[in-house]
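The chain contents come next:
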There are 2 protein chains.
Amino acid sequence: MQMVVIGGTAAGLSAAAKARRLDREMEINVFEATSYVSYGSCGLPYFVGGCIAQPEELVSLTVEELREKRGIVAHTRHRVLAIDREGKAVKVLALDSGRESWQRYDRLVLATGASPVMPPIPGADGPGVCTLRTVEDGIRLKQLAGKAKHVVVIGGGFIGLELSEQLALRGLEVALVEAQPRLLPAFPEKYAGMAAGELARQGVALHTGAKAAAILRDEKKQVIGLRLADGRQLPAELVVVAAGVRPNTLLARDCGLALGSTGGILVDERQQTTDPAIWACGDCVEMRHLLTQKPCWFPLGTTANKQGRVAGENAAGGQARFPGVLGSQVTKVFDLYLAATGLGLEQALSQGFEAQAVSITKSDRASYYPGGGENHLTLVFRRKDGRLLGAQGAGSATAPGRIDLLAAAITWGASVSQLGELDLVYSPPVAPVYDPILIAASQAAKQVSG
Amino acid sequence: MQMVVIGGTAAGLSAAAKARRLDREMEINVFEATSYVSYGSCGLPYFVGGCIAQPEELVSLTVEELREKRGIVAHTRHRVLAIDREGKAVKVLALDSGRESWQRYDRLVLATGASPVMPPIPGADGPGVCTLRTVEDGIRLKQLAGKAKHVVVIGGGFIGLELSEQLALRGLEVALVEAQPRLLPAFPEKYAGMAAGELARQGVALHTGAKAAAILRDEKKQVIGLRLADGRQLPAELVVVAAGVRPNTLLARDCGLALGSTGGILVDERQQTTDPAIWACGDCVEMRHLLTQKPCWFPLGTTANKQGRVAGENAAGGQARFPGVLGSQVTKVFDLYLAATGLGLEQALSQGFEAQAVSITKSDRASYYPGGGENHLTLVFRRKDGRLLGAQGAGSATAPGRIDLLAAAITWGASVSQLGELDLVYSPPVAPVYDPILIAASQAAKQVSG
């Protein structure tokens, strides 16, 4: 029995490792187009910033370790060019030798990931303009950052924010350019303002509602800045584009696998594609939203890892299922933690929920205990029965844990009244006697009709 | 309509305030034996330690504010001596004038709290030996601590630990004496060892399995030390006894109200006593355990506040109910956070559950991200179906939030497999891709039979 996995990071290697645990005999080949497998790509901004010194630290298992400890053969710098579903084989290009070959499979796992979106900005082609997705990207960006004084980051999503933080902490002058009128559309406007305030406090120049018109270069083609659509020019020797990612579905499309409405590869809850010999997982697939049961797409490391396990188990003959996602996510912008799960208010309304939201602000310690962090929490809930639909938080390091609890509440169908009755821990230096969750939930419960 | 509340801290004032919100007319009198109302007694160790400078900072509403803003008349230094249930009146002693009087009530709320247990140690009577329960206790202890160089704390519960920390941070030489062979019996032994290690690292001398035999005094009756049962002598100019508390039920017993099997006043889920005109709440009452539905007793600020609201609402004619408790609690010992909810393994077994436990240790950040705190988490679950019964955690500041999530899981009847499927947040500097909760839950799920 032969298993082939296309893509050697979170989803692909989770699939390979899980399959190996269930089937000691199967031959498992993983093809990865970059030079690195088994790395935590979410750590790349922190490698660029210097928190993590060497790219190898991001790697949990090397090619050698995968072979010796797991019996998994990982081929780095091997790009899969095509899938022959009838012949059950993939066409592989060895990037170093230029040699092409066919590799047979009985079971195939697609974990092709996602790629950065590169908006068509004049001047973007050429040196000094980067994206950040692979370890190689990270190494290149870190080198360039070491020589630059001014950097422009295009895109104010989580990666853009994390990169801005890390580059600023390295001592660069950072300008962050976001085309939308505000940061973090999935969060309440106030929280976007807090993020903007935190960036300003830390010396990052934020330009929202600012469209990148052209990357400016000198006569030697070196980047010297970015021109915005309104004519302003931002000096920069380096431009990083973090304008989102899109799923890598070319291989899947070319061999006739169905894609979902969100653009990701269509899979069932067993992560099986429309070909029963092919599973897919991670950032390349469409997923199901736990709450709405509708298709959605969240390119997140947690999701990729878990889907990978499910795909691997099923490819090895198992019957695992992936329950779906809430899109739970967190980022840290200097000292501000921002986390969210489920639906934002606007999203809930647009999805047809009779939704309402309450927002509260409260210290995460007893009011009389010094040094408590202001915590902001928004609960989105259904008006008729108070069922929790989503939650967003912004504040200190305790904020993410609350969002995790609220993710559990959404998953298990809890209402805001049930939330308000929880017996949560309290001690003056640790948490207030009424935790922000209880305060928000009891305010929300008052607005539930009936 | 006249409402009388006996006890002016968490439970009593929550009851009074809630009743006032529902009934603008009712006359509300609160009798409090100490000089302070509406204070956070859990903050007292931090007042003694100096984190909180003035006792007034612990007070959320003064007598004047209660009268002006809430229309609640609080009588400090007024002790209730007796309850005449037939005549619906309480006999009150004004401590300053020595005058006794009767106060009529239509609805009575008992929030008499709990009092420190004072073990019969020879030499304990006299100056230099304190307990810590009231603001006055705190003021006295803080004064004495200012003059002492060596202090012995008797009792290694949460208060004893918090006091040891605070007195050590003030610069005193602290010896902590615990009669049991280990600290924190509700936690796994390893966590007790971690607490002991943290105390040692911070210079607190811990003596477990050590029975206080006598408090030693010089010829001027000043405390000079504590003799242990094994003959060792610990030098001390000050001894603080933190050997637990017991419910204040004398008034209730004397007027014939029923007590529960745990020693607290018996109430129904509306916080009503066996007299329909009398409600009781807080540390003086017995409560129902959410999971076992059995009587239990947890003298906790969270519980007192919530029960107070329920008692107040019902005393004002409402129909609120208090769902019960899980005994969720947390303490911080220097840099170690310890939190627990629900049942410990031994407790679960002794209550007849076919219970099992798994314990894991994991960083609370991505493995490659520097500075993550080691987090230890224990899940106690039912073997046959994996239902979560309890959880204990020890580690960094993110530990309490996990225990809160697990309290929600217990409350909503989740199994460890359901826990393991949660979509929790992840970002390298904030949380690992598989949160400790997910790791522990999936390990536990493997041990569930069938």
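Fair warning: this is a prediction, and the values are worked out from it, not measured in the lab.

Engineer: In this structure, what is going on with the nonpolar core? I would like to understand it.
Structural biologist: One finds Leu379, Leu406 and Leu419 of chain A together with Leu379, Leu406 and Leu419 of chain B to be the most contacted residues of the largest nonpolar core, which totals 79 residues. Setting aside residues up to four positions removed in sequence, leucine 406 of chain A forms contacts with Thr341, Leu377, Leu379, Leu388, Ala391, Leu419 and Ile437 of chain A.

Engineer: Honestly, the packing of helix H1 (residues 10-22) of chain B against helix H8 (residues 301-315) of chain B in this entry has me stumped. Any pointers?
Structural biologist: A pair of packed helices can be characterised by two numbers: the angle between their axes and the separation between those axes. Residues and elements named next belong to chain B. Relative to each other, H1 and H8 sit at 35°, their axes nearing to 7 Å. Here H1 and H8 pass one another in a crossing that is right-handed. On H8, the residues touching Ala10, Ala11, Ser14, Ala15, Lys18, Ala19 and Leu22 of H1 are Ala304, Asn305, Gly308, Arg309, Gly312 and Glu313. Residues of the contact of H1 with H8, tallied by class, amount to six nonpolar, four polar and three charged.

Engineer: Sorry if this is basic, but what is going on with the interface of chain B and chain A here?
Structural biologist: Put simply, an interface is often sized by how much accessible area is lost when its parts join up. Listed per partner, the contact involves 55 residues of chain B and 55 residues of chain A. Counting the surface lost from both chain B and chain A, the interface buries some 4900 Å², and carbon and sulfur atoms represent 65% of this. Per-residue buried area on chain B facing chain A is highest for Tyr368, Trp412 and Asp423 of chain B; these three make up 17% of the total on that side. Across the chain B-chain A interface, the total number found is two salt bridges. The salt bridge involving arginine 321 of chain A is made with glutamate 421 of chain B; its shortest N-O contact spans 3.8 Å. Here chain B and chain A share 16 residue pairs in polar contact (both at pLDDT 80 or more) between them.

Engineer: How should I be thinking about a positive patch on the surface in this particular structure?
Structural biologist: The grouping of Lys446 of chain A together with Arg21, Arg24, Arg70 and Arg309 of chain B at the surface amounts to a positive patch. By the secondary structure assignment, arginine 24 of chain B is in the loop between H1 and strand E2 (27-32). A relative accessible area of 56% places arginine 24 of chain B in the exposed class.

Engineer: I tried to follow the side chain of glutamine 307 of chain B on my own but got confused; where do I start?
Structural biologist: Residue and element names in this part refer to chain B. Structurally, the position occupied by glutamine 307 is in helix H8. Polar contacts involving the side chain of glutamine 307 include one to the main-chain amide nitrogen of glycine 282, which spans 2.7 Å. Contacts of glutamine 307, omitting those with residues within four sequence positions, involve Gln271, Cys281, Gly282, Val285, Met287 and Phe322.

Engineer: Is there a simple way to think about the side chain of histidine 376 of chain A in this case?
Structural biologist: Residue and element names in this part refer to chain A. Mapped onto the secondary structure, histidine 376 falls in strand E24 (residues 374-382). Looking at histidine 376, the relative accessible area reads 6%, which means it is buried. Here the side chain of histidine 376 touches threonine 361 through a polar contact of 2.9 Å, side chain to side chain. Once residues lying within four places of it in the same chain are set aside, the contact partners of histidine 376 are Lys190, Tyr191, Met194, Ile360, Thr361, Gln392, Gly393 and Ala394.

Engineer: How should the packing of aromatic side chains be read in this particular structure?
Structural biologist: Aromatic rings considered in pairs are described by the distance between their centres and by the relative angle of their planes. Going through the model one piece at a time under the given rule, you end up with four aromatic pairs over all chains. Note on tyrosine 369 of chain A and tyrosine 46 of chain B: the rings are 5.3 Å apart at their centroids and 85° apart in plane angle, and the pair reads as edge-to-face. With tyrosine 369 of chain A in the loop between strand E23 (355-363) and E24 and tyrosine 46 of chain B in helix H2 (residues 44-49), this pair bridges two chains. Over the ring of tyrosine 434 of chain B we find arginine 309 of chain A, and its NZ or CZ is 4.3 Å from the ring centre.

Engineer: Mind showing me how you'd approach the sheet that holds strand E9 (residues 129-130) of chain A here?
Structural biologist: Backbone-to-backbone hydrogen bonds pair the strands of a sheet. The strands run either parallel or antiparallel. All names here are of chain A. In spatial order, the strands read E9-E16-E10-E11-E12; together these five strands make up an open sheet with parallel pairing. Both outer strands of the open sheet, E9 and strand E12 (205-208), are each paired with one neighbouring strand and no more. Relative to strand E16 (residues 238-241), E9 runs parallel, the two sharing two bridges. Along E16, the bridge assignment pairs valine 129 with valine 239. Along the sheet, helix H4 (residues 135-147) contacts E9 and E16; its crossing angle with E16, the most-contacted strand, is approximately 145°. Sitting on the sheet, helix H5 (residues 158-169) touches strand E10 (150-154), strand E11 (173-178) and E16, and the angle it makes with E11 is about 170°.

Thresholds, definitions, all that
- Residues numbered from 1 in each chain as written.
- Chains lettered and ligands numbered in written order.
- Predicted model: local features only at pLDDT ≥ 70, side-chain atom pairs only at ≥ 80, totals over all residues.
- Heavy atoms only, no water.
- Core = buried A, V, L, I, M, F, W, Y, C linked by side-chain atoms within 4.5 Å.
- Buried < 20%, exposed > 50% of the residue type's maximum accessible area, 1.4 Å probe, protein only.
- Contact = heavy atoms within 4.5 Å.
- Axes fitted to C-alpha atoms, helices over the stretch in contact; angles between N-to-C directions.
- Helix = DSSP H or I, 4+ residues; strand = E, 2+ residues; numbered from the N terminus.
- Left-handed = near helix turned anticlockwise from the far one by under 90°.
- Nonpolar A, V, L, I, M, F, W, Y, C, P; charged D, E, K, R; others polar.
- Buried area = accessible area lost by both parts, 1.4 Å probe.
- Salt bridge = Lys/Arg side-chain N within 4 Å of Asp/Glu carboxyl O.
- Polar contact = N/O pair within 3.5 Å; in protein donor to acceptor, adjacent residues only side chain to side chain.
- Patch = residues over 30% accessible without salt bridge, like charges linked within 9 Å, V, L, I, M, F, W, Y side chains within 5 Å.
- Areas by Shrake-Rupley, 256 points an atom, 1.4 Å probe, with all protein chains shown as cover.
- Lys, Arg positive; Asp, Glu negative; His and termini not counted.
- Charge placed at Lys NZ, Arg CZ, Asp CG, Glu CD.
- Phe/Tyr/Trp six-rings, centres within 6.5 Å; stacked < 30°, edge-to-face > 60°.
- Lys NZ or Arg CZ within 6 Å of the ring centre and 35° of its normal.
- Pairing = 2+ DSSP bridges.

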